[in-house]
Amino acid sequence: MQTLNSIDYGPLAGLIGVWSGNKGKDLSPEADGTTELNEYYETIVFTEAGETSNAEEEVLSAVQYTQKVQRISSDKVIHQEVGYWLWEQGTDNVIHSLTIPRGLCVLAGGKVVTKNATVFDVEASFDSEQWPITQSVFLQKKAMTKTFKQKMTLSGDKLQYSQHMLLEIYGNSFDHNDNSSLRRQP
Ligand code: HEM
């Protein structure tokens, strides 16, 4: 049990802090059918968000975060994200809720496993009743995110993630994906 300020953050406790990395790789779609590789650096800040109970039954511990991603070659901000990671106390269930400023929200659910490292594995789908992706009318028509799958591995002062978003865009399916490794900042 890992407690901070008397709240049991369980597997989320090790996330709290400031993280940065400059080895990110993103694959994004181009209108002409080609793939764009973006090498990026980023900062993710996780802060304590306390504990909530639902229906006097489910107790969730929460950390909130902000993520800012910039292209190495130009410093342009190519991705921003805010959200929460939630852990259902007494279980191995985790929830990742996030929004990005394109008109899109994800509520992904899954499991956390702690052995040598702590591995969070979550997913969501546009047509799932349990773990849905909600997006604007424009995105639904022109750049739909059909699925979101994310694996995040925490090992001491190292944080890695790999995520895949299956997009329906420019008349094709595209695996928009990101891989990154970050270090905790002192
Ligand atoms: C490190 C994380 C991410 C990076 C670096 C990133 C980067 C990018 C880039 C460079 C584009 C192309 C923008 C353009 O051509 O104007 C893009 C498009 C897009 N991304 Fe991401 N993205 C990330 C995460 C996500 C996530 C988590 C989602 C959804 C859950 C998402 C959904 C989309 C969508 C729907 C588009 C629109 C397609 C387009 O216009 O090209 N991205 N992203």
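For the structure given in this document, a descriptive report is provided here.

Criteria and cut-off values
Starting from 1, residues in each chain are numbered consecutively following that chain's sequence as written. This being a predicted model, a pLDDT of at least 70 is required before a residue's local features are given, and a value of 80 or more before pairs of side-chain atoms are given or counted; all residues contribute to the totals for chains, interfaces and linings. Water and hydrogen atoms play no part in the side-chain values, which are based on all heavy atoms of the structure. Strands here mean DSSP runs of E at least two residues long; helices mean DSSP runs of H or I at least four residues long; both are numbered from the N terminus. For a compact globule the rule gives 2.2 Å times the number of residues to the power 0.38, and the radius of gyration it is set against comes from C-alpha atoms. Think of it in three bands: residues with accessible area under 20% of the maximum for their type are buried, residues over 50% are exposed, and the middle band is partly exposed, with areas taken using a 1.4 Å probe on protein chains only. We call two residues contacting when some pair of their heavy atoms lies within 4.5 Å. Working definition: rings of Phe, Tyr and Trp (its six-membered ring) pair if their centres are within 6.5 Å, and the pair is stacked with planes under 30 degrees apart, edge-to-face with planes over 60 apart, and tilted otherwise. Only when DSSP finds a minimum of two bridges between them are two strands counted as paired. Residue proximity to a molecule or strand is established when one non-hydrogen atom of the residue lies within 4 Å of it. Any N or O atom pair separated by 3.5 Å or less is treated as a polar contact, with the protein-specific requirement of one donor-capable and one acceptor-capable atom, and with residues adjacent in sequence counted only for side-chain atom pairs. The residue classification treats Ala, Val, Leu, Ile, Met, Phe, Trp, Tyr, Cys and Pro as nonpolar and Asp, Glu, Lys and Arg as charged. All others, Gly included, are polar. Sodium, potassium and calcium take a 3.2 Å donor cutoff, other metals 2.8 Å, and in both cases only N, O and S atoms count; water is not among them, so sites may look incomplete. Any Lys or Arg side-chain nitrogen found within 4 Å of a carboxyl oxygen on Asp or Glu counts as a salt bridge.

### Describing the overall build of the protein
And step 1. Summing up its helical and strand segments, the protein has one helix and 13 strands in all.
And step 2. Radius of gyration (C-alpha) of the protein: 17 Å, near the 16 Å computed for a compact globule of 186 residues.
And step 3. When the 186 residues of the protein are sorted by exposure, 42% land in the buried category.
And step 4. Long-range pairs, those at least 24 residues apart, make up 47% of the contacts in the protein between residues at least 6 apart in sequence.

### Some details on the packing of aromatic side chains
Centre distance and the angle of the planes are the two values used to describe a pair of aromatic rings.
And step 1. Evaluated as defined, the whole model comprises two aromatic pairs.
And step 2. Here Phe46 and Tyr65 contribute two aromatic rings whose centre-to-centre distance is 5.6 Å and whose plane-to-plane angle is 40°, an arrangement assigned as tilted. Of the two residues, Phe46 sits in strand β4 (residues 35–54) while Tyr65 sits in strand β5 (residues 58–71), which places them 19 residues apart along the sequence.
And step 3. In this structure Tyr65 comes out as buried when scored by relative accessible area, which is 6%.
And step 4. Centroid distance Trp85 to Phe120: 5.3 Å. Interplanar angle 55°. Geometry classified as tilted. In this pair, Trp85 is assigned in strand β6 (residues 77–88) and Phe120 in strand β9 (residues 118–125), connecting sequence segments 35 residues apart. Each member of the pair, Trp85 as well as Phe120, is classed as buried.

### Examining the environment of Glu88
And step 1. Here Glu88 shows up in strand β6.
And step 2. Here Glu88 falls in the buried class, since its relative accessible area comes to 19%.
And step 3. As for Glu88 and Val113, which are separated by 25 residues in sequence, their C-alpha atoms are 13 Å apart.
And step 4. The contacts of Glu88, once residues within four sequence positions are left out, are Glu58, Val59, Leu60 and Asn93.

### A short note on the pairing of strand β13 (residues 172–184)
And step 1. Both strand β3 (residues 17–29) and β13 contribute to a ladder of five bridges, which runs antiparallel. Looking at β13, one finds that Trp19 is bridged to Arg184.
And step 2. Looking at chain direction, strand β12 (residues 158–169) and β13 are connected through twelve bridges and run antiparallel. If you follow Lys158 over to β13, its bridge partner there is Arg183.

### Quick notes on the site of the ligand
And step 1. Neighbouring the ligand are 23 residues, the closest being Ser28, His79, Arg102, His176 and Asp178.
And step 2. Note that a nitrogen atom of the ligand is positioned 3.5 Å from one of the side-chain N or O atoms of His79.
And step 3. Only β3, β4, β6, β8 (104–114), β11 (143–155), β12 and β13 provide two or more residues apiece to the shell around the ligand.
And step 4. The element best represented in the shell around the ligand is β12, accounting for five residues.
And step 5. A class-by-class count of the residues in the shell around the ligand yields 13 nonpolar, six polar and four charged.

### Concerning the environment of Gly103
And step 1. Along the chain, the position of Gly103 falls in the loop between β7 (93–100) and β8.
And step 2. With a relative accessible area of 38%, Gly103 lands in the partly exposed category.
And step 3. Each C-alpha atom of the pair Gly103 and Gln135 lies 5.6 Å from the other, and the pair is 32 residues apart in sequence.
And step 4. Among all residues touching Gly103, those that are not within four sequence positions of it are Thr134, Gln135, Ser136 and Leu139.

### Remarks on the coordination of the iron atom of the ligand
And step 1. Here the protein supplies the iron atom of the ligand with just one donor, His176 (NE2), and that contact is 2.1 Å long.
And step 2. Looking at the element boundaries, His176 is found in strand β13.

### A closer look at the pattern of salt bridges
And step 1. A full pass over the atoms with the stated rule returns four salt bridges.
And step 2. A salt bridge links Arg71 to Glu36; the shortest N-O distance between them is 3.7 Å. In this pair, Arg71 sits in strand β5 while Glu36 sits in strand β4, placing the two residues 35 residues apart along the sequence.
And step 3. Note on Glu36: relative accessible area 23%, which makes it partly exposed.
And step 4. Residue Asp157 pairs with Arg184 through a salt bridge whose shortest N-O separation is 2.9 Å. Here Arg184 lies in strand β13 and Asp157 lies in the loop between β11 and β12, a separation of 27 residues in the sequence.
And step 5. The class for Asp157 is partly exposed, based on a relative accessible area of 44%.
And step 6. Relative accessible area serves as the criterion here: at 26%, Arg184 is assigned to the partly exposed category.

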